Amino acid sequence: MPHAVTHVLIAIILLDLIRDYVLKKKHRMKFPLHYLIIVGIAGLLPDIDIIVYWILNLTSGLTLTEIHRTFTHTLFFPAIFAIAGFATWKVKSKFLARHKMKLHTIFFIIAFGTFIHLVLDATLSGYIMPIYPIAIFKIGLDLVKLTPWPDTILPAIDAILLLAWLIHEEVKHKISDFI
Ligand SMILES: [Zn+2]
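Residues numbered from 1 in each chain as written. Predicted model: local features only at pLDDT ≥ 70, side-chain atom pairs only at ≥ 80, totals over all residues. Heavy atoms only, no water.

S.K.: Hey, could you go over the packing of helix 1 (residues 4-21) against helix 3 (residues 34-44) for me, with residue numbers and the actual values?
M.R.: Across the interface, helix 1 lies against helix 3 with an axial gap of 8 Å and an inter-helix angle of 140°. Taken as axis vectors, helix 1 and helix 3 run oblique relative to one another. As for the relative orientation of helix 1 and helix 3, their crossing is right-handed in sense. Every residue of helix 3 that contacts helix 1 at Ala4, His7, Val8, Ala11, Ile12, Leu15, Asp16 and Arg19 is listed here: Tyr35, Leu36, Val39, Gly40, Gly43 and Leu44. (Axes fitted to C-alpha atoms, helices over the stretch in contact; angles between N-to-C directions. Helix = DSSP H or I, 4+ residues; strand = E, 2+ residues; numbered from the N terminus. Parallel < 35°, antiparallel > 145°, perpendicular 65-115°, else oblique. Left-handed = near helix turned anticlockwise from the far one by under 90°. Contact = heavy atoms within 4.5 Å.)

S.K.: Break down the pattern of salt bridges for me, citing the residues and quoting the values.
M.R.: Tallying each qualifying case throughout the model produces 4 salt bridges. Taken together, the salt bridges that share partners define one network made up of Asp16, Arg19 and Asp20. (Salt bridge = Lys/Arg side-chain N within 4 Å of Asp/Glu carboxyl O.)

S.K.: Describe the nonpolar core, and please don't skip the residues or the numbers.
M.R.: In this structure, Leu15, Tyr35, Ile38 and Ile106 are the most contacted members of the largest nonpolar core, which totals 20 residues. Among the elements of the structure, helix 1, helix 3, helix 6 (76-87) and helix 8 (103-124) are those that each provide at least two residues to this core. Setting aside residues no more than four positions away along its own chain, Ile38 makes contact with Met101, Ile106, Ile109 and Ile110. (Core = buried A, V, L, I, M, F, W, Y, C linked by side-chain atoms within 4.5 Å. Buried < 20%, exposed > 50% of the residue type's maximum accessible area, 1.4 Å probe, protein only.)

S.K.: Give a detailed account of the environment of Ala87, specifying residues and quantitative values.
M.R.: Summarising the element assignment, Ala87 is placed in helix 6. Residues Ala87 and Leu64 lie 23 residues apart in sequence; the distance between their C-alpha atoms is 34 Å.

S.K.: Describe unusual backbone geometry, and please don't skip the residues or the numbers.
M.R.: Note: most residues except glycine have negative phi, and most peptide bonds are trans. Put simply, Tyr132 and Pro133 share a cis peptide bond, and its omega is 0°. The phi dihedral of Arg69 falls on the positive side, at around 60°, and the residue is not glycine. When you line up the elements, Arg69 lands in the loop between helix 5 (64-67) and helix 6. Not every positive phi belongs to a glycine, and Asp142 is a case in point at roughly 50°. By the element assignment, Asp142 lies in the loop between helix 8 and helix 9 (143-146).

S.K.: Outline the coordination of the zinc ion, supporting the account with residue identities and numerical values.
M.R.: Looking at the zinc ion, one finds its protein donor set to be Asp47 (OD), His73 (NE2), His117 (NE2) and Asp121 (OD), positioned 2.1 to 2.2 Å from the metal centre. When the donors of the zinc ion are listed by position in the chain, the intervening gaps give D-x25-H-x43-H-x3-D. Here the residue Asp47 occupies a position in the loop between helix 3 and helix 4 (49-60), and His73 occupies one in the loop between helix 5 and helix 6, the gap between them amounting to 26 residues. His73 sits in the buried class, given a relative accessible area of 0%. (Donors = N, O, S within 2.8 Å, 3.2 Å for Na, K, Ca; no water.)

S.K.: How would you sum up a nonpolar patch on the surface? Please name residues and give values.
M.R.: Together, Leu14, Leu17, Ile18, Tyr21 and Val22 line one region of the surface with nonpolar side chains, adding up to about 420 Å² of accessible area. When you line up the elements, Tyr21 lands in helix 1. (Patch = residues over 30% accessible without salt bridge, like charges linked within 9 Å, V, L, I, M, F, W, Y side chains within 5 Å. Areas by Shrake-Rupley, 256 points an atom, 1.4 Å probe, with all protein chains shown as cover.)

S.K.: If you had to explain the packing of aromatic side chains to someone new, which residues and values would you point to?
M.R.: Following the criterion strictly, the structure yields 6 aromatic pairs and no others. Relative to Phe81, the ring of Phe77 lies with its centre 5.4 Å away and its plane at 90°, an arrangement referred to as edge-to-face. A residue pair is termed a helical-turn pair when its members lie 3 or 4 positions apart in one helix, as Phe77 and Phe81 do in helix 6 at 4 residues. Residue classification places Phe77 among the buried residues on the basis of a relative accessible area of 15%. For Phe81, a relative accessible area of 17% puts it in the buried group. (Phe/Tyr/Trp six-rings, centres within 6.5 Å; stacked < 30°, edge-to-face > 60°.)

Read these as geometric descriptors, not functional statements.
Take a look at the structure:
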């Protein structure tokens, strides 16, 4: 499976690229960095089923494949957060407003991050069952296994992503000014 770091990094980088190149300037200026942290956590969130596996394995002996990549790795998972985003469209929170955030945007960002997780799992390694438990059809390109270096490609992806992002941030935002 893709590394935790890959999931976190790709979710953050994609949202950061949207911020830098898609959002209009007035929205970009108001974009709180908290959103990047939230999307990073959301990017890893579906793998929370591994913790569920640890607990259930101890109590009932269930195996990893019986739990991991089931409910939290379906399209329903991001859909729940997207629906929550629409449901809270008009909710105003003073606490969030103080941090320049909106509740519905947070839900949409979580929907985005968890969806990216599914895309990565379905393309890089193994498979997901997008509408489990309604049907057990699987989507999995397993691209990592198609490369000549299946054992080392995942850490290499992390390294390349991290370096490319750091260079991008330096060029675009001069992060070294803040260190
Ligand atoms: Zn996963």
